[in-house]
Amino acid sequence: MEFQGTERYYLDPELGAIVNMAIAMEKPLLLTGEAGTGKSRLLTEFAHDVHARGGVVLYGGCSDRLAAPYQPFAEATEHLVRSLGPDRLPDLAVTHLAELSRLAPELSGLLGSPPSVADDPDTVRYRLFGAVAELLGSVSARRPVLPALDDQLQELAAGLTFA
């Protein structure tokens, strides 16, 4: 896969080389810069392109006031689980599925309550990381997955039907 820009978005060749290098190496790309320089626009157009090619786009929004720990990741995980539905979820261990509801409590109706563990935050974090990694790994084995975490996702969220 190579991203060339879209009809609505001109991709500067230098930036395009960087984006496509990250794609080829299957590595994350972190865009930083001043407000108004086109970071969100690039992400939006790239997400549309990934989706049009059959990929899964997971979005999570950041804000000045995070409503919950790991909010962008919780939003992306919740969106993926809801869009797949319980019958299309990959074959994950039951404990992993229930663990995902720790990240997004709204999912407990679909996935069950998270298992009780000691109040050790390191153990909880480790189990949560394992559950998310297994879910994303399983889904990405079938289709490309783009986690899109941004602080301005209104346009992206409004314009796509995901998964």
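Structure: see above.
Here the structure is a predicted model, which means the values were calculated and not measured.

Visitor: Even after reading the chapter, I still don't get helix H2 (residues 39-52), so can you show me in this structure?
Guide: Note: α-helices contain 3.6 residues per turn, so residues at a spacing of three or four share the same orientation. Taking 1.5 Å per residue as the helical rise, H2 with its 14 residues ought to reach 20 Å, and the 20 Å between its terminal C-alpha atoms agrees with that figure. If you check which residues of H2 are buried, you get Ser 40, Leu 42, Leu 43, Thr 44, Glu 45, Phe 46, Ala 47, Asp 49 and Val 50. Immediately beyond the C-terminal end of H2, within one or two residues, lies Gly 54, with a positive phi of roughly 95 degrees.

Visitor: How should the pairing of strand E1 (residues 56-61) be read in this particular structure?
Guide: Each regular strand carries side chains that alternate between the two faces of the sheet. Within E1, five of the six residues are buried, leaving the element largely enclosed by the surrounding structure. Relative to strand E2 (residues 145-150), E1 is paired through six bridges, and the arrangement is parallel. Directly across from Leu 58, in E2, lies its bridge partner Pro 147.

Visitor: Is there a simple way to explain the pattern of salt bridges in this structure?
Guide: Scanning the model with the defined rule gives four salt bridges in all. Across the salt bridge formed by Arg 41 and Glu 45, the nearest N and O atoms sit 3.2 Å from each other. Of this pair, Arg 41 and Glu 45 both sit in helix H2, separated by four residues, roughly a single helical turn. Classification of Arg 41 as partly exposed rests on a relative accessible area of 27%. With a relative accessible area of 1%, Glu 45 lands in the buried category. Taken together, the shared-partner salt bridges in this structure form one network comprising Arg 8, Arg 41 and Glu 45.

Visitor: Help me out: how do you make sense of the nonpolar core in this one?
Guide: Looking at soluble globular proteins, one finds that nonpolar side chains tend to be buried together. With 19 residues, the main nonpolar core has Leu 80, Val 81, Leu 89, Leu 100, Leu 111, Leu 135 and Val 139 as its most contacted residues. Elements supplying a minimum of two residues to this core: E1, helix H3 (71-84), helix H4 (94-103) and helix H6 (121-140). Membership of the second largest hydrophobic core comes to twelve residues, among which are Val 19, Ala 47, Leu 146 and Ala 148.

Visitor: Explain a nonpolar patch on the surface to me, please; I cannot follow it from the model alone.
Guide: Together, Ile 18, Leu 29 and Leu 31 make up an exposed nonpolar region whose accessible area comes to about 220 Å². For Ile 18, the position within the fold is in helix H1 (residues 13-25).

Visitor: I would appreciate a short explanation of the packing of aromatic side chains in the present structure.
Guide: How two aromatic rings sit relative to each other is set out by the distance from centre to centre and by the angle between their planes. Tallied over the full model, the rule gives one aromatic pair. Judged by centre distance (5.2 Å) and plane angle (75 degrees), the rings of Phe 3 and Phe 46 are edge-to-face. Separated by 43 residues along the polypeptide, Phe 3 in the segment before H1 and Phe 46 in helix H2 bring together distant segments of the chain. Summarising the burial analysis for this pair, Phe 3 and Phe 46 share the class buried.

Calculation criteria
- Residues numbered from 1 in each chain as written.
- Predicted model: local features only at pLDDT ≥ 70, side-chain atom pairs only at ≥ 80, totals over all residues.
- Heavy atoms only, no water.
- Helix = DSSP H or I, 4+ residues; strand = E, 2+ residues; numbered from the N terminus.
- Expected span 1.5 Å × (residues − 1).
- Buried < 20%, exposed > 50% of the residue type's maximum accessible area, 1.4 Å probe, protein only.
- Pairing = 2+ DSSP bridges.
- Salt bridge = Lys/Arg side-chain N within 4 Å of Asp/Glu carboxyl O.
- Core = buried A, V, L, I, M, F, W, Y, C linked by side-chain atoms within 4.5 Å.
- Patch = residues over 30% accessible without salt bridge, like charges linked within 9 Å, V, L, I, M, F, W, Y side chains within 5 Å.
- Areas by Shrake-Rupley, 256 points an atom, 1.4 Å probe, with all protein chains shown as cover.
- Phe/Tyr/Trp six-rings, centres within 6.5 Å; stacked < 30°, edge-to-face > 60°.

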